[in-house]
Amino acid sequence: MSRRVLIGLGQQGVDREGAATPPNRGSIYGEVVLDATEQNSAGPSAHQGGHEIAEASFAQRLRAQAYRCGEVSMRHLVRAEYLNEAEAGGILQSFGYYINDLPDRASILDILAFLVWIKLESKDEKAVREIRNLTRVMTTAISGRISHCGFAQLTEMPIELYQSLPRVFEICSTLMCPIIQRHEKDFITVASVNPVTAAAAGLLISKQIEKDAGIRPFVFVMTTSSNAWTWLCEKHFGA
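Enquirer: In this structure, what is going on with the overall build of the protein chain? I would like to understand it.
Expert: For the protein chain, the helix and strand inventory stands at 10 helices and four strands. Beginning at the N terminus, the succession of helices and strands in the protein chain can be written as α-α-α-α-α-α-β-α-α-β-β-α-β-α. Within the protein chain, the proportion of its 239 residues that are buried is 49%. Total accessible area on the protein chain is roughly 11600 Å²; 52% of this is exposed by carbon and sulfur atoms.

Enquirer: Please explain the environment of Arg 63 as it appears in this structure.
Expert: By the element assignment, Arg 63 lies in helix α3 (residues 50–79). By relative accessible area, Arg 63 is classed as buried at 8%. In this structure the C-alpha to C-alpha distance between Arg 63 and Ile 171, which are 108 residues apart in sequence, comes to 9.7 Å.

Enquirer: I keep staring at the pattern of salt bridges and nothing clicks. Help me out?
Expert: Side chains carrying opposite charge are able to pair once their charged atoms draw close together. If you walk through the whole model with that rule in mind, you get five salt bridges. Across the salt bridge formed by Lys 119 and Glu 130, the nearest N and O atoms sit 3.6 Å from each other. Pair noted here: Lys 119 is in helix α5 (residues 111–120) and Glu 130 is in helix α6 (residues 125–139), with a separation of 11 residues, a long-range link. Note that Arg 182 and Glu 160 form a salt bridge whose closest N and O atoms lie 3.8 Å from each other.

Enquirer: Before we go on, may I ask you to explain the confidence of the model for the protein chain in this structure?
Expert: Considering every residue of the protein chain, the mean pLDDT works out to 80; 76% of them sit at 70 or more. Within the model, pLDDT remains below 50 along residues 1–30, and this stretch shows 61 contacts once partners closer than five positions in the same chain are excluded. Considering only residues more than four positions removed or in separate chains, one finds that residues 37–48, a stretch of pLDDT under 50, has 15 contacts.

Procedures and definitions
All residue numbers here refer to positions counted from 1 along the written sequence of the relevant chain. Since the coordinates come from a predicted model, pLDDT governs what is reported: local features require at least 70, and pairs of side-chain atoms require 80 or more to be given and counted, while whole-chain, interface and lining totals use all residues. With hydrogens and water excluded, all non-hydrogen atoms of the structure serve as input to the side-chain values. The numbering of helices and of strands both runs from the N terminus, where a helix is a DSSP run of H or I of at least 4 residues and a strand a run of E of at least 2. Partly exposed describes any residue whose relative accessible area lies between the buried limit of under 20% and the exposed limit of over 50%, with all areas from a 1.4 Å probe on protein chains only and scaled to the type maximum. Note on areas: Shrake-Rupley with a 1.4 Å probe; residue coverage comes only from the protein chains shown. Salt bridges are counted wherever a side-chain nitrogen of Lys or Arg sits within 4 Å of a carboxyl oxygen of Asp or Glu. One number per residue, pLDDT, summarises how confident the predictor is, and it ranges from 0 to 100. Note on contacts: a residue pair qualifies if any of its non-hydrogen atoms lie within 4.5 Å across the two residues.

Here is the structure:
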């Protein structure tokens, strides 16, 4: 994935589309979710090394998904007057460079944490409060009630699910959205500091489980504090 692709998406999303599109909480899912679970576009013709190509394509689509979540988040922060369009465009551009510079299959810091890191250049209590404020602002981007749990780090890690469904683990680890609750493959709860990213991850996980296991689970989105989220990501993904 080239830098030009990422930056191009950002300019379209914030500068033009964001200004023209009125706030619509119901449309967030259609806006943000790419079809990362689709089969590799190279298809059967990629005979030699086809598996490696498919895996690389899946990883690349997840990186594009992380960027799309950032794009939609910046657009919402402009609508909420937290940022102006120039600020949002600059942050999104930097976020694109950051993603491109990461190694393959690396965990990608959510754009809300990335924004605060750029602004404050620290992870102190002031940064924790700023992310908490951003989480509240972003909650209005999602239709329906979003639960918040400040003690999500007390939940158990779904090791069996991650091991049996490696692509689900890759979705979670790339987007840094740990699964903090589950019952078999019937329902799952996904957590993040950014409800937009958690919602996107949840839908991708649901589609992937349906594809792999023939069951489409109910998915619940939960936000948590930055401290709990950091702890969970370190525990689940080593990120």
